[in-house]
Protein chains: 4
Amino acid sequence: MSSVLSGTKIAVLGGDERELILISELVKMGATVAVVGFPKGKMAHGASPVNSVEEACKEAEVLILPLPGTNQEGVIRAVYAEEEIRLSEKACSSLAPNALVIIGSARQYLKDWAQKYAFILLEIIEMDEIAIMNSIPTAEGAIQIAMEETPITIHGSKSCVVGFGRVAITLARLLKAMGSDVTVVARNEGQLARAYEMGCRKSLFSELLEVIKHNDIVFNTVPSMVLDRKILRYANPDTLIIDLATQPGGTDFEAANEYGLKAILAPGLPGKVAPVYAGRILAEVIPRLIINEMTRMNKNILFA
Amino acid sequence: MSSVLSGTKIAVLGGDERELILISELVKMGATVAVVGFPKGKMAHGASPVNSVEEACKEAEVLILPLPGTNQEGVIRAVYAEEEIRLSEKACSSLAPNALVIIGSARQYLKDWAQKYAFILLEIIEMDEIAIMNSIPTAEGAIQIAMEETPITIHGSKSCVVGFGRVAITLARLLKAMGSDVTVVARNEGQLARAYEMGCRKSLFSELLEVIKHNDIVFNTVPSMVLDRKILRYANPDTLIIDLATQPGGTDFEAANEYGLKAILAPGLPGKVAPVYAGRILAEVIPRLIINEMTRMNKNILFA
Amino acid sequence: MSSVLSGTKIAVLGGDERELILISELVKMGATVAVVGFPKGKMAHGASPVNSVEEACKEAEVLILPLPGTNQEGVIRAVYAEEEIRLSEKACSSLAPNALVIIGSARQYLKDWAQKYAFILLEIIEMDEIAIMNSIPTAEGAIQIAMEETPITIHGSKSCVVGFGRVAITLARLLKAMGSDVTVVARNEGQLARAYEMGCRKSLFSELLEVIKHNDIVFNTVPSMVLDRKILRYANPDTLIIDLATQPGGTDFEAANEYGLKAILAPGLPGKVAPVYAGRILAEVIPRLIINEMTRMNKNILFA
Amino acid sequence: MSSVLSGTKIAVLGGDERELILISELVKMGATVAVVGFPKGKMAHGASPVNSVEEACKEAEVLILPLPGTNQEGVIRAVYAEEEIRLSEKACSSLAPNALVIIGSARQYLKDWAQKYAFILLEIIEMDEIAIMNSIPTAEGAIQIAMEETPITIHGSKSCVVGFGRVAITLARLLKAMGSDVTVVARNEGQLARAYEMGCRKSLFSELLEVIKHNDIVFNTVPSMVLDRKILRYANPDTLIIDLATQPGGTDFEAANEYGLKAILAPGLPGKVAPVYAGRILAEVIPRLIINEMTRMNKNILFA
């Protein structure tokens with residue numbers, strides 16, 4: 001058993017199967033882990049279930065919140081919890097000095113508390129190493145939906161990926177590898193050059209209207225209204241739309257419905273289609289982030 | 001509208017969505033098509049629903065039965081039919097002279113009738129052009145099951161394909177393309193050389209016991225008992241087994257159950273996961289077979 | 001014949017086969033093209049060979065210099081020219097007002113002249129759409145060298161790509177597609193996540209010493225001394241090093257030589273291994289750049 | 001050191017770098033190896049250079065001749081030999097009883113001697129495990145030639161593979177993986193179904209005339225005159241033809257020359273482009289063949 005986190009007090013509040021894998025790793029690395037929101041039976045031996053958020057957070061050097069984070073009222077997503085778990089200002093105020101708080105993305109109030117109580121807030125959902133690793137189950141989950149919802153094969157299908165960010169690159173490669181005829185719709189010629197290198201057809205957004213006429217499956221990854229009413233009316237009635245952008249997606253679902261198009265909003269796929277994989281990512285990345293942060297702070301202390 | 005089948009009398013008995021696509025193609029090519037087992041509303045304009053198998057078969061030059069064929073009692077698989085459809089000796093005896101009967105695979109009685117009534121029986125399920133084209137939806141359907149039944153991604157998984165025939169080759173390539181670490185288990189060194197060329201690891205059947213210890217997903221394609229009790233007891237408890245071999249498959253499902261392994265028999269995937277694709281295959285291949293056969297017979301007549 | 005560049009005066013000075021393809025495209029688009037450095041017989045009908053750089057530049061609205069640009073003394077790379085071609089301050093001063101000067105990358109004196117004579121300088125070698133498109137022949141050229149210089153196949157080889165920029169991404173994908181076992185050595189975890197998604201092994205630069213021990217072929221793409229004496233001494237004597245970084249590359253060639261390693265510096269591959277492809281890229285991108293720039297300037301004029 | 005071949009007397013006559021690797025492996029496995037045609041300095045320690053074919057063969061239980069075999073006069077290909085090496089009837093007659101003679105492919109006289117002197121003749125060049133493994137360097141060598149001889153990239157090129165045997169399948173996959181737009185020309189619909197599954201376009205031989213008009217690179221793998229004068233006259237003048245079929249290939253080279261087409265006959269690529277790889281194949285396969293044969297004979301003896 002490694003012990004690089006030996007003695008570090010870590011609180012984990014809520015989450016799902018992914019956090020169970022993370023907790024298990026943290027325990028293995030020697031951390032003292034207090035957990036809220038998981039039944040005792042499910043957790044790794046060595047982690048301590050505690051009764052309240054406040055108890056878990058008290059003097060914790062690291063606080064870990066799930067990727068989907070909290071809602072506006074502080075309620076933490078916790079699929080195994082019997083009752084609502086809520087992050088309170090009181091809990092945050094009792095963290096150890098210079099504590100590290102890790103969350104997918106933070107609401108404004110949490111950012112304010114970070115200032116007020118001088119803890120370090122690390123929003124990880126947009127970090128490349130998380131986002132790219134998670135793009136793999138996202139792409140596979142999107143393919144799974146496409147398989148379930150169409151009467152054709154991916155091989156030989158005509159598909160279109162709108163946007164060319166981290167998820168889109170992974171998805172385009174996967175579709176291509178599976179034998180689909182893929183068109184990438186992107187913003188600039190540099191992105192399209194990369195799409196071409198990957199074997200895809202390429203189109204600018206200005207050509208989206210033409211593209212949508214000729215594809216069996218359209219995957220959107222852009223988090224703003226790109227598949228709007230004007231575009232959707234040109235879609236073939238058999239076209240399936242799968243929207244992977246953050247809620248509320250980039251599709252006018254009402255218009256899609258009017259035009260008789262099947263359109264599916266599919267957020268949060270990694271936790272749904274591959275929770276064990278997604279948990280392993282957390283278990284790989286989060287300890288590294290903690291260690292890096294602790295190293296950085298120690299240096300600061302040493303050289304202060 | 002092409003008319004290469006103009007005037008040819010064809011009977012289609014039963015089937016599913018695939019036959020609807022085939023019927024539509026036959027009508028387009030000018031054939032006179034009598035159909036049993038589909039509601040009028042579903043069928044292509046131009047095809048004639050008739051009331052009985054006997055009526056459809058009378059003087060028919062071509063008789064088309066579905067890929068899954070008939071059972072021992074002559075009952076034809078017909079998912080849209082309201083009542084049982086049964087192939088009778090009487091119907092077969094009334095076909096036109098030298099009629100062509102196309103079926104997935106034929107039971108013995110049908111072979112006997114072919115002799116007795118001098119019709120030509122074409123069993124197509126083992127023809128390369130059908131079997132290889134159908135290996136694509138079979139492989140994708142197998143992947144879909146794997147995605148649905150495992151909490152990990154195909155990318156980065158360890159998978160194993162047992163056998164190296166038409167379905168296995170397609171499946172191995174697809175798994176590899178999706179980023180799985182694939183081991184092919186095959187009978188001879190020539191097959192293993194091909195698996196190696198495709199980027200797979202290779203094992204002989206004698207090594208299956210070792211292989212099964214180290215894989216997340218095992219796909220069987222061999223239609224005889226290869227994943228037996230002796231082998232299965234070495235499987236990791238998280239291993240998922242997907243058996244694609246013709247019923248009853250090549251897995252000892254009882255033993256799998258005893259050892260707590262999830263094992264799924266998945267026959268007939270093309271018609272289930274990609275009926276439109278599978279229908280297009282029939283619509284492409286069957287007219288070609290009919291034309292080839294008719295050309296061959298005409299030649300025989302000419303040169304007789 | 002399109003005529004979007006109708007009437008535009010363009011000077012092309014020097015270059016190689018690539019510029020011949022570009023000139024031909026410019027003529028097709030209606031431009032008036034004056035050329036220095038190509039024999040009349042080689043050039044597209046419609047382009048005008050002129051005798052001096054000064055004559056070509058006089059009143060030219062666009063000046064195109066080759067991707068490798070000029071040397072410190074102004075000498076322009078011109079493989080077909082019989083005598084040296086030199087870019088003079090006088091020539092630059094006689095360009096049309098607000099002329100557009102397109103070059104791979106510019107020396108300081110040219111930047112100074114751009115200021116002094118108010119022309120627009122467009123350095124294109126680092127533009128994504130040029131660099132990514134050129135990464136394809138660069139990667140293929142690197143593979144060709146590897147094939148020529150090793151007694152093994154790429155399939156089954158162990159290869160390593162140092163760096164993960166535009167060339168490296170293309171090269172890693174190509175090696176992987178050809179069946180090599182590829183390790184990417186990169187600077188950050190985000191890049192390594194992408195490498196992993198592409199099916200590659202991943203290492204940080206701090207692990208380069210270990211990596212170099214176990215690879216048959218090492219491709220460097222980083223333009224600073226990364227394969228230095230300390231690293232190279234751990235290389236297997238059969239290792240082949242191919243350095244694709246801008247001259248002088250990122251390899252200590254002297255040390256490589258001492259350790260008996262074959263190390264090859266291979267700059268400028270696109271023009272060497274695939275001049276027609278590389279010419280087509282210029283013929284696709286440069287007219288677009290000219291049109292964009294002219295559109296932008298006209299707008300500025302209109303709204304001035 | 002393994003010793004499964006301990007005490008087995010093996011003669012190796014001629015060959016090239018590949019046989020050096022094989023000899024080294026045989027020595028490692030404990031065989032007593034007598035060699036003709038290699039300088040002492042090049043050979044593995046433990047192998048014995050002898051002065052004549054007759055001496056090497058006397059009482060040898062296994063005789064290994066190179067893949068290219070002998071010519072009609074018995075001369076053995078031996079690139080390192082200072083003088084001609086010739087297989088004589090006398091040498092063959094002095095082999096141990098039931099000796100195993102391994103050769104690429106045998107001339108008639110050798111088959112006759114096998115009968116006369118009761119040795120077992122194993123022609124291996126057409127064995128799947130040799131031919132498929134060798135298809136990898138053949139395909140890579142063909143790609144290398146294409147890279148060297150065309151001014152375009154493989155990526156984005158239009159290529160055509162004529163035939164769909166062991167080399168063609170490997171080559172089609174490699175071209176496709178590198179981003180070429182590949183058409184497979186084959187004899188039957190089953191082969192074309194496989195080509196389609198691999199992502200290739202498909203054509204029957206009857207369409208070859210059309211296919212040849214539209215491809216940049218044509219690879220022939222069929223060992224009979226398929227690219228004849230009638231076909232070649234339709235080729236685009238820039239088309240490159242690479243013929244991989246056994247000499248004299250399947251191209252009318254004279255006609256190609258007349259039509260100004262570049263056509264290259266490229267036999268024996270594995271030994272040329274990847275001798276170490278090809279040697280490893282021999283070193284893996286030949287000992288296995290020897291052991292299998294010895295096991296089989298022992299059984300026969302035991303049960304005789």
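Residues numbered from 1 in each chain as written. Chains lettered and ligands numbered in written order. Predicted model: local features only at pLDDT ≥ 70, side-chain atom pairs only at ≥ 80, totals over all residues. Heavy atoms only, no water.

1. What to know about the relation of the copies chain D and chain B
The condition is simple: Only residues with pLDDT of at least 70 in both copies count here: their C-alpha atoms drive the least-squares fit that superposes the copies.
Of the transformation superimposing chain D on chain B, the axial component is 0.0 Å and the angular component is 180 degrees, with the fit at an RMSD of 0.0 Å. Such a combination of turn and shift is consistent with a two-fold rotation axis.

2. Details of the interface of chain A and chain B
Interface size is commonly expressed as the accessible area that is lost once the parts come together. Here is the rule: Residue contacts are counted whenever heavy atoms from the two residues lie within 4.5 Å of one another. Once two parts are joined, some of their accessible surface, as seen by a 1.4 Å probe, is lost; buried area is that loss totalled over both. Side-chain atoms alone can form a polar contact between residues adjacent in sequence; in general such a contact is a pair of N or O atoms within 3.5 Å, and within protein one must be able to donate a hydrogen while the other accepts it. The helix and strand labels rest on DSSP assignments: H or I over at least four residues marks a helix, E over at least two residues marks a strand, and numbering proceeds from the N terminus. The nonpolar class holds Ala, Val, Leu, Ile, Met, Phe, Trp, Tyr, Cys and Pro. Asp, Glu, Lys and Arg form the charged class, and all remaining residues, Gly among them, are polar.
Contacts between chain A and chain B engage 22 residues on the former and 22 residues on the latter. Here chain A and chain B share an interface that buries about 1800 Å² over both sides, 65% of which is from carbon and sulfur atoms. Looking only at chain A, the three residues that lose the most surface to chain B are Glu140, Met147 and Thr153 of chain A, adding up to 31% of its buried area. On the surface where chain A and chain B come into contact, there are eight residue pairs in polar contact (both at pLDDT 80 or more). Of all the secondary structure elements, the ones that give two or more residues to the side of chain A that touches chain B are helix 5 (128-149), helix 6 (166-177) and helix 12 (275-302) of chain A. The element best represented in the side of chain A that touches chain B is helix 5 of chain A, accounting for seven residues. Along the lines of polarity and charge, the residues of the side of chain A that touches chain B split into 15 nonpolar, four polar and three charged.

3. A closer look at the pattern of salt bridges
Quick reminder of the rule: We define a salt bridge as a contact between a side-chain nitrogen of Lys or Arg and a carboxyl oxygen of Asp or Glu at a distance within 4 Å. Each residue is placed in one exposure class: buried if its accessible area under a 1.4 Å probe, protein chains only, is under 20% of its type's maximum, exposed if it is over 50%, and partly exposed if it falls in between.
All told, the structure shown has 79 salt bridges over all chains when counted by the stated rule. Measuring nitrogen to oxygen at the nearest pair gives 3.2 Å for the salt bridge that ties Asp228 of chain B to Lys230 of chain B. Its relative accessible area of 18% is what places Asp228 of chain B among the buried residues. Between Glu210 of chain C and Lys213 of chain C there is a salt bridge; the shortest N-O distance is 2.8 Å. Here the residue Glu210 of chain C and the residue Lys213 of chain C both occupy positions in helix 8 (residues 208-213), the gap between them amounting to three residues, near one helical turn. On the accessibility criterion, Lys213 of chain C (29% relative accessible area) is partly exposed. Counted as one network, the salt bridges with shared partners bring together Glu129, Glu284 and Arg288 of chain A together with Glu189 and Lys202 of chain C.

4. Looking at the pairing of strand 12 (residues 217-220) of chain B
Residues and elements named next belong to chain B. The test is simple: Strand pairing is assigned whenever DSSP identifies at least 2 bridges connecting the two strands.
Where burial is concerned, the two faces of strand 12 agree: the one with Ile217 and Phe219 and the one with Val218 and Asn220 are both buried. Pairing analysis gives four bridges linking strand 9 (residues 158-162) to strand 12, with the strands arranged parallel. Its bridge partner lying in strand 12, Val161 is registered against Phe219. The pairing of strand 12 with strand 13 (residues 240-243) spans four bridges and is classified as parallel. Opposite Val218, over in strand 13, you have Ile241 as the bridge partner.

5. Points about the packing of helix 5 (residues 128-149) of chain B against helix 6 (residues 166-177) of chain B
All names here are of chain B. Cut-off, in case you're wondering: Lines fitted to C-alpha atoms define the axes, with helix axes restricted to the stretch in contact, and inter-axis angles between N-to-C directions lie between 0 and 180 degrees. When describing relative orientation, an angle under 35 degrees is termed roughly parallel and one over 145 degrees roughly antiparallel, while 65 to 115 degrees is termed roughly perpendicular and anything else oblique. Take the far helix as the reference: if the near one is turned anticlockwise from it by less than a right angle, the crossing is left-handed, and if turned clockwise, right-handed.
Direction vectors running N to C along helix 5 and helix 6 enclose 45 degrees, while the axes themselves pass 8 Å from each other. The orientation of helix 5 with respect to helix 6, classified from their angle, is oblique. As for how helix 5 packs across helix 6, the hand of that crossing is right-handed. Residues Asp128, Ala131, Ile132, Ser135, Ile136, Thr138, Ala139, Glu140, Ala142 and Ile143 of helix 5 pack against Arg166, Val167, Thr170, Leu171, Leu174 and Leu175 of helix 6.

6. Thoughts on the interface of chain D and chain B
Taken together, the contact pairs 20 residues of chain D with 21 residues of chain B. Roughly 1800 Å² of surface becomes buried between chain D and chain B when both sides are summed, with 59% attributable to carbon and sulfur atoms. Taken together, chain D and chain B are joined by six salt bridges. The partner of Glu197 of chain D in a salt bridge is Arg173 of chain B, with the nearest N and O atoms 2.6 Å apart. Viewed at the interface, chain B and chain D are joined by eight residue pairs in polar contact (both at pLDDT 80 or more). When residues of the side of chain D that touches chain B are traced back to their parent elements, those giving at least two are helix 5 (128-149), helix 6 (166-177), helix 7 (189-197) and helix 12 (275-303) of chain D. The element that contributes the greatest number of residues to the side of chain D that touches chain B is helix 7 of chain D, accounting for six residues. The class makeup of the residues in the side of chain D that touches chain B is eight nonpolar, two polar and 10 charged.

7. A closer look at the nonpolar core
Stated precisely, the cut-off is as follows: Only buried Ala, Val, Leu, Ile, Met, Phe, Trp, Tyr and Cys residues count toward a nonpolar core, and they belong to the same one when joined by side-chain atoms within 4.5 Å.
Grouped together as the largest cluster of nonpolar side chains are 134 residues, with contacts concentrated most on Leu26 and Ile290 of chain C together with Leu26 and Ile290 of chain D. Of all hydrophobic cores here, the second largest spans 131 residues; its members include Val27 and Ala266 of chain A together with Ile130 and Ala274 of chain B.

8. What about the environment of Val12 of chain B?
Residues and elements named next belong to chain B. Relative to the assigned elements, Val12 resides in strand 1 (residues 9-13). Taking the C-alpha atoms as reference points, Val12 and Asp216, 204 residues apart in sequence, are found 43 Å from one another. Discounting residues that sit within four places of it in the chain, Val12 has contacts with Glu19, Ile23, Leu26, Val33, Ala34, Val35, Val36 and Ile64.

9. Describing unusual backbone geometry
With an omega of 5 degrees, the peptide bond between Gln247 of chain B and Pro248 of chain B qualifies as cis. Note on placement: Pro248 of chain B falls in the loop between strand 13 and helix 10 (253-258). A positive phi angle is found at Ala118 of chain D, which is not glycine, with a value near 55 degrees. Along the polypeptide, Ala118 of chain D turns up in the loop between helix 4 (108-117) and strand 8 (120-123).

10. Description of helix 1 (residues 17-28) of chain B
Given 3.6 residues per turn, any residue in an α-helix points the same way as the ones three and four places further on. All names here are of chain B. For clarity, the cut-off: Here a helix's expected span is defined as the number of its residues, less one, multiplied by 1.5 Å.
Helix length check: helix 1 (12 residues) gives 17 Å between terminal C-alpha atoms against 16 Å at 1.5 Å per residue, within 8%. Turning to helix 1, its buried residues number three or more, namely Arg18, Glu19, Leu20, Leu22, Ile23, Leu26 and Val27. At the N-terminal boundary of helix 1, the capping side chain belongs to Asp16, with an oxygen 3.0 Å from the backbone nitrogen of Arg18. Phi turns positive, to about 100 degrees, at Gly30, one or two residues after helix 1.

11. Re the packing of aromatic side chains
All names here are of chain C. The line we're drawing: Put simply, two rings from Phe, Tyr or Trp (the six-membered ring, in Trp's case) pair if the centres are within 6.5 Å, and we call them stacked under 30 degrees between planes, edge-to-face over 60, tilted for the rest. Look at NZ for Lys and CZ for Arg. If either is within 6 Å of the ring centre and within 35 degrees of the ring normal, a charge sits over the ring.
Evaluated as defined, the whole model comprises eight aromatic pairs over all chains. Between the NZ or CZ atom of Lys202 and the centre of the ring of Tyr196, over which it lies, the distance is 5.4 Å. A cation sits over an aromatic face here: Arg233 above Tyr234, 5.4 Å from the ring centre.

12. Overview of the domain arrangement of chain A
All names here are of chain A. What counts, and what does not: These domain limits were set by an automatic method or by a database of domain assignments.
Looking at the assigned domains, one finds that chain A contains domain 1 (2-125 + 274-303) and domain 2 (129-271). When each unit is reduced to the centre of its C-alpha atoms, the spacing between domain 1 and domain 2 is 34 Å. For the domain 1 and domain 2 pair, buried surface summed over both sides reaches about 930 Å², with 60% attributable to carbon and sulfur atoms. If you sort the residues of domain 1 by the area they bury against domain 2, Tyr277, Ile281 and Val285 come out on top, with a joint share of 41%.

13. Structural notes on the sheet that holds strand 3 (residues 48-49) of chain C
Residue and element names in this part refer to chain C. An order of 3-2-1-4-7-8 is seen for the six strands of this open sheet, with the pairing classed as parallel. Two strands close off the open sheet at either side, each with one partner strand: strand 3 and strand 8 (120-123). Two strands pair when backbone bridges link them, and strand 1 (residues 9-13) and strand 2 (residues 32-36) are joined in this way by five bridges, in the parallel orientation. Its bridge partner lying in strand 2, Ile10 is registered against Val33.

14. Comments concerning the packing of helix 5 of chain A against helix 5 of chain B
Running from amino to carboxyl end, helix 5 of chain A crosses helix 5 of chain B at an angle of 125 degrees, the nearest separation of the two axes being 10 Å. Compared by their axis directions, helix 5 of chain A and helix 5 of chain B come out oblique. Taken as a pair, helix 5 of chain A and helix 5 of chain B cross one another with a handedness that is left-handed. For the pair helix 5 of chain A and helix 5 of chain B, contact is made by Glu140, Ile143, Gln144, Met147 and Glu148 of chain A and by Glu140, Ile143, Gln144, Met147 and Glu148 of chain B, respectively. Looking at the contact of helix 5 of chain A with helix 5 of chain B residue by residue, the classes come out as four nonpolar, two polar and four charged.

15. Side note on the sheet that holds strand 10 (residues 181-186) of chain C
Strand pairing within a sheet occurs via backbone hydrogen bonds; the two strands may be parallel or antiparallel. Residue and element names in this part refer to chain C. Strand order in the open sheet formed by six strands is 11-10-9-12-13-14, and the pairing between neighbours is parallel. At either margin of the open sheet sits one strand with a lone partner, and together these are strand 11 (201-204) and strand 14 (262-265). Averaged over all adjacent pairs, the angle separating strand axes in this sheet is 20 degrees, with direction ignored. Docked against the sheet, helix 6 (residues 166-177) engages strand 9 (158-162), strand 10 and strand 12 (217-220), running at close to 170 degrees with respect to strand 9.

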